[in-house]
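# Examination of the molecular architecture
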Amino acid sequence: MSDQGGAGEPLGDSQKKEIAVWFLSNAPAGEIHYVAKDVRALLGDDAVYEAAAEEAFPEYNKAHLVSLELPDRSGDIVITTYGELDKNNYLDPRTAQVATVDHIKQTCTKLRPAADEELPSGYIEEFRSALDVELSKYVAEAYPKGVCAVYCTSGKDIEGPGADFGFAVVISATKRSPQNFCNGSWRSIWTMEFNYELQFVDIKGKIQVDAHYFEEGNVQLDTNIDCKDSTIMQSPDDSAVSITSIIRHHESEYLSSLEESYLNLSDATFKDLRRKLPVTRTLFPWHNTLAFSLTRDLAKELALGK
């Protein structure tokens, strides 16, 4: 670090905070509170920890598209830069409400109706709400614990046809099972630009998948892919169906490619992790890799810990 002292010198508070922020920001999906508990204990300084947490938690929540239940139980709000009005207030476009968020506790503390200037015009809302309806159907079908939201990113004050506008779609799904030593998340962000003159919609997406398995070990997956596509600009309902179909297609293809990669793991990636002859001087039985437990049988077969 830029202000790090020489060897053997104690770390200053700013250095401790910087290190704490790094650990908190890089916590696996759904595990920041576990990391925070350990970081706080290691620091032994509540003031430094609280400064680090105040910086790290908001960025973590936005990066991981954390979803929080609204105080009136009308749904969930996704914490994302697209809905951020200020550090602690986020727009939920579906319910036209603004939630005040406690980032560290990961809860919504207050709720108010969105002001007119915080919402898109009636014309833009027709497109936005139609897409939200179709997208919600897809997410409910594809992700058992998924949430989604559609935000207007440009042209929100347009009152009728004749100008360009843009949307952002966010999809977030988590699988938390700490009792079984595994957590994971699926995050995708899709942006679309509606070009009125060309009657064309340009679509770009990024899909991110994280998984963490930590029973007697620490195995993490962090993978992502960028996508591009397009469609013609139609009525709000028809545009919504077309865009949702494109998102469904790309996400399904990426999921299939991940599944195929793991089926071939024993013949490719996993095999490259070990030498041809390990320290036991015995060939590893690659043909039977899928039958082994990552935590017990592999350790036994490779004579680890002996």
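Not measured: the values here are computed from a predicted model.

Rules of the game
- Residues numbered from 1 in each chain as written.
- Predicted model: local features only at pLDDT ≥ 70, side-chain atom pairs only at ≥ 80, totals over all residues.
- Heavy atoms only, no water.
- Helix = DSSP H or I, 4+ residues; strand = E, 2+ residues; numbered from the N terminus.
- Buried < 20%, exposed > 50% of the residue type's maximum accessible area, 1.4 Å probe, protein only.
- Contact = heavy atoms within 4.5 Å.
- Pairing = 2+ DSSP bridges.
- Axes fitted to C-alpha atoms, helices over the stretch in contact; angles between N-to-C directions.
- Phe/Tyr/Trp six-rings, centres within 6.5 Å; stacked < 30°, edge-to-face > 60°.
- pLDDT = per-residue confidence, 0-100.
- Expected span 1.5 Å × (residues − 1).
- Patch = residues over 30% accessible without salt bridge, like charges linked within 9 Å, V, L, I, M, F, W, Y side chains within 5 Å.
- Areas by Shrake-Rupley, 256 points an atom, 1.4 Å probe, with all protein chains shown as cover.
- Salt bridge = Lys/Arg side-chain N within 4 Å of Asp/Glu carboxyl O.
- Lys, Arg positive; Asp, Glu negative; His and termini not counted.
- Charge placed at Lys NZ, Arg CZ, Asp CG, Glu CD.
- Core = buried A, V, L, I, M, F, W, Y, C linked by side-chain atoms within 4.5 Å.
- Parallel < 35°, antiparallel > 145°, perpendicular 65-115°, else oblique.
- Left-handed = near helix turned anticlockwise from the far one by under 90°.
- Nonpolar A, V, L, I, M, F, W, Y, C, P; charged D, E, K, R; others polar.

## So, the overall build of the protein
Each helix and strand counted, the protein has seven helices and 11 strands in total. Taking all 306 residues of the protein together, 40% fall into the buried category. Considering only contacts within the protein whose residues lie at least 6 apart along the sequence, 52% involve residues at least 24 apart.

## Quick word on the sheet that holds strand β3 (residues 84-86)
Ordered by their spatial adjacency, four strands build an open sheet running β3-β4-β5-β6, and the pairing between neighbours is antiparallel. Sheet topology places β3 and β6 (107-113) at the edges, where each strand pairs with a single neighbour. The sheet shows a mean angle of 30 degrees between the axes of neighbouring strands, taken without regard to direction. The pairing of strand β5 (residues 97-102) with β6 spans six bridges and is antiparallel. What sits directly across from Val-101, in β6, is Cys-108.

## Structural notes on the packing of aromatic side chains
Counted according to the given criterion, the structure contains 13 aromatic pairs. With a centroid separation of 5.8 Å and an interplanar angle of 70 degrees, the aromatic rings of Phe-127 and Phe-194 are classed as edge-to-face. In this pair, Phe-127 sits in helix α4 (residues 122-142) while Phe-194 sits in strand β9 (residues 182-195), placing the two residues 67 residues apart along the sequence. Each member of the pair, Phe-127 as well as Phe-194, carries the same accessibility label: buried. Taking 5.4 Å as the distance between ring centres and 70 degrees as the angle between the ring planes, the aromatic pair formed by Phe-167 and Phe-194 counts as edge-to-face. With Phe-167 in strand β8 (residues 165-177) and Phe-194 in strand β9, this residue pair connects regions lying 27 residues apart in the sequence. The burial state of Phe-167 is the same as that of Phe-194; both residues are buried.

## Remarks on the confidence of the model for the protein
With 83% of its residues at a pLDDT of 70 or more, the protein has an overall mean of 87. Per-residue pLDDT, averaged within each element of the protein, yields its smallest value for helix α7 (residues 297-301) (48) and its largest for strand β4 (residues 89-92) (98). Low pLDDT, under 50, characterises residues 291-295; the stretch is placed with nine contacts to residues that sit more than four places away or in other chains.

## Observations regarding helix α5 (residues 236-263)
Taking 1.5 Å per residue as the helical rise, α5 with its 28 residues ought to reach 40 Å, and the 41 Å between its terminal C-alpha atoms agrees with that figure. When we look at burial in α5, the residues that qualify are Pro-236, Ser-239, Ala-240, Ser-242, Ile-243, Thr-244, Ile-246, Ile-247, His-250, Glu-251, Tyr-254 and Leu-258. Against α4, β8, β9, β10 (200-213) and β11 (219-232) lie the buried residues of α5.

## Comments concerning a negative patch on the surface
Together, Asp-164, Glu-193, Glu-197 and Asp-202 give the surface a local cluster of negative charge. Its location among the elements puts Glu-197 in the loop between β9 and β10.

## A word on the nonpolar core
With 34 residues, the main nonpolar core has Leu-135, Phe-165, Phe-167, Val-169, Ile-171, Met-192 and Phe-194 as its most contacted residues. Among the secondary structure elements, those contributing two or more residues to this core are α4, β7 (146-154), β8, β9, β10 and α5. When residues of this core are assigned to their parent elements, the largest contribution, eight residues, is made by α4. Excluding anything up to four places from it in sequence, Phe-194 contacts Phe-127, Asp-164, Phe-165, Phe-167, Phe-200, Val-201, Met-233, Ser-239 and Ile-243. Within the second largest apolar cluster, 15 residues are counted, among which are Val-21, Tyr-49, Ala-56 and Tyr-60.

## Re the packing of helix α1 (residues 13-25) against helix α2 (residues 32-43)
Put simply, α1 and α2 touch, their axes get as near as 9 Å, and they point 160 degrees apart. Regarding the angle of α1 to α2, the classification is roughly antiparallel. Note that α1 runs across α2; the crossing there is right-handed. Counted together, Lys-16, Ala-20, Phe-23 and Leu-24 of α1 and Ile-32, Val-35, Ala-36, Val-39 and Leu-43 of α2 form the full contact between these two elements. Residue composition of the contact of α1 with α2, by class: eight nonpolar, no polar and one charged.

## Examining the environment of Lys-228
Secondary-structure assignment places Lys-228 in strand β11. Accessibility expressed as a relative area gives 67% for Lys-228, which makes it exposed. Sequence-wise, Lys-228 and Ile-246 are 18 residues apart; in three dimensions their C-alpha atoms are separated by 9.7 Å. Apart from residues lying up to four places away in sequence, Lys-228 is in contact with Ile-203, Lys-204 and His-250.

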